[in-house]
Amino acid sequence: MTIGVLALQGDVREHVAALADLGEAARPVRTPGELDGLDGVVLPGGESTTLSMLLASSGVGDELAGALAAGLPAFGTCAGLILLATDVLDGRPDQRSFGAITMTVRRNGYGRQAESFECGLDVPALGGEPVPAVFIRAPVVEAVGPDVEVLATLPAGTGAAAGRPVVCRQGPVVVAAYHPELTGDRRLHQLFVELVKEHRETRR
Ligand code: GLN
């Protein structure tokens, strides 16, 4: 099984390390050809506007759009979530998003005071202890489509943002508004790896 990590900008190494902890040797994706043969792809956090430009200049954007439309499993964190969404508010007008998960997101939507914060998230699908979640100039998920399963919302005590979806899934696409790759908790990466495996079985 081969999982790729989009390696144009952002916290690529951290995702590769998280997958390595789970026994998956991830392949960095910098060119369109490096998408060939992937069973899943991770879109890391970084800056979605910069990523969008690099997707265009590298030629990876169009290939990736095709692969996602054909059902390639994907895991997007923070800026990666923005890239996978259908609708982006407060983005650059020319910024690209792939529409792989039906949601409206607002870039940097948690406001200045709360540009970065941490909390413990209850994610029933992952079981056990709360998941440590680091939010860095995170996107706010403002609305989700009927096919989106909300796996976690911000807990009480996070002010006006409480109740916002922060981990979601639609088919083989998982997104998190925070940075699971920055903590040692690998449960969300594990969930994605399992999903990629299942998806691979069903395509055989
Ligand atoms: N604010 C960034 C963006 O718009 C996302 C931040 C992040 O990935 N940490 O792309």
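Just above, that's the structure.
With that settled, consider the side chain of H179. Along the polypeptide, H179 turns up in the loop between β12 (173-176) and α5 (187-203). Using a relative accessible area of 5% as the deciding quantity, one classes H179 as buried. Within the structure, the side chain of H179 is placed 3.1 Å from the side chain of D11, a separation counted as a polar contact. Ignoring any residue separated from it by four or fewer positions in sequence, one finds H179 in contact with D11, G45, C78, V134 and I136.

Let us look at the site of the ligand. By nearness alone, every residue bordering the ligand is listed as G45, G46, E47, S48, C78, A79, I82, R107, N108, I136, R137 and H179. Between the ligand and the protein, one listed contact pairs a nitrogen atom with a backbone N or O atom of R137 at 3.0 Å. H179 places a side-chain nitrogen or oxygen 2.8 Å from a nitrogen atom of the ligand. Computed on the free molecule, the ligand has an accessible area of 300 Å², of which 96% lies beneath the protein chains in the complex. Of the residues in the shell around the ligand, the class split is four nonpolar, five polar and three charged.

Let us now look at the sheet that holds strand β6 (residues 101-106). With respect to topology, three strands assemble into an open sheet ordered β5-β6-β9, the strand pairing being mixed. Whereas interior strands pair on both sides, the edge strands pair on one side only; in this sheet they are β5 (85-89) and β9 (140-144). Each strand axis lies, on average, 25 degrees off the axis of its neighbour in the sheet, ignoring direction. In this structure, β5 lies alongside β6, joined through four bridges in parallel fashion. Its bridge partner being in β6, A85 is matched across the sheet by I101.

Attention now goes to the environment of T202. As for its placement among the helices and strands, T202 is situated in helix α5. For T202, a relative accessible area of 64% gives the class exposed. Considering only alpha carbons, one finds T202 and R13, 189 residues apart in sequence, at a separation of 30 Å. Only 2.8 Å separates the side chain of T202 from the backbone oxygen of H199, close enough to count as a polar contact.

Spatial strand order, β2-β1-β3-β4-β12-β11-β10: seven strands in an open sheet with mixed pairing. What marks the edges here is a single partner per strand, and that holds for β2 (27-29) and β10 (149-153). Taken over all neighbouring pairs, the strand axes of this sheet differ in orientation by 20 degrees on average, direction set aside. With three bridges joining them, strand β1 (residues 3-6) and strand β3 (residues 40-43) adopt parallel strand pairing.

Let's shift gears to the nonpolar core. Counting residues in hydrophobic clusters, the biggest one holds 66 residues, and the most contacted among them are L121 and F135. Among the elements that make up this core, the one with the highest residue count is α5 (six residues). Ignoring any residue separated from it by four or fewer positions in sequence, one finds L121 in contact with P130, V131, A133, A152, T153, L154, P155, V166, V167 and Y178.

What counts and how
- Residues numbered from 1 in each chain as written.
- Predicted model: local features only at pLDDT ≥ 70, side-chain atom pairs only at ≥ 80, totals over all residues.
- Heavy atoms only, no water.
- Helix = DSSP H or I, 4+ residues; strand = E, 2+ residues; numbered from the N terminus.
- Buried < 20%, exposed > 50% of the residue type's maximum accessible area, 1.4 Å probe, protein only.
- Polar contact = N/O pair within 3.5 Å; in protein donor to acceptor, adjacent residues only side chain to side chain.
- Contact = heavy atoms within 4.5 Å.
- Near = heavy atom within 4 Å.
- Areas by Shrake-Rupley, 256 points an atom, 1.4 Å probe, with all protein chains shown as cover.
- Nonpolar A, V, L, I, M, F, W, Y, C, P; charged D, E, K, R; others polar.
- Pairing = 2+ DSSP bridges.
- Axes fitted to C-alpha atoms, helices over the stretch in contact; angles between N-to-C directions.
- Core = buried A, V, L, I, M, F, W, Y, C linked by side-chain atoms within 4.5 Å.

Geometric values such as these leave the question of function open.
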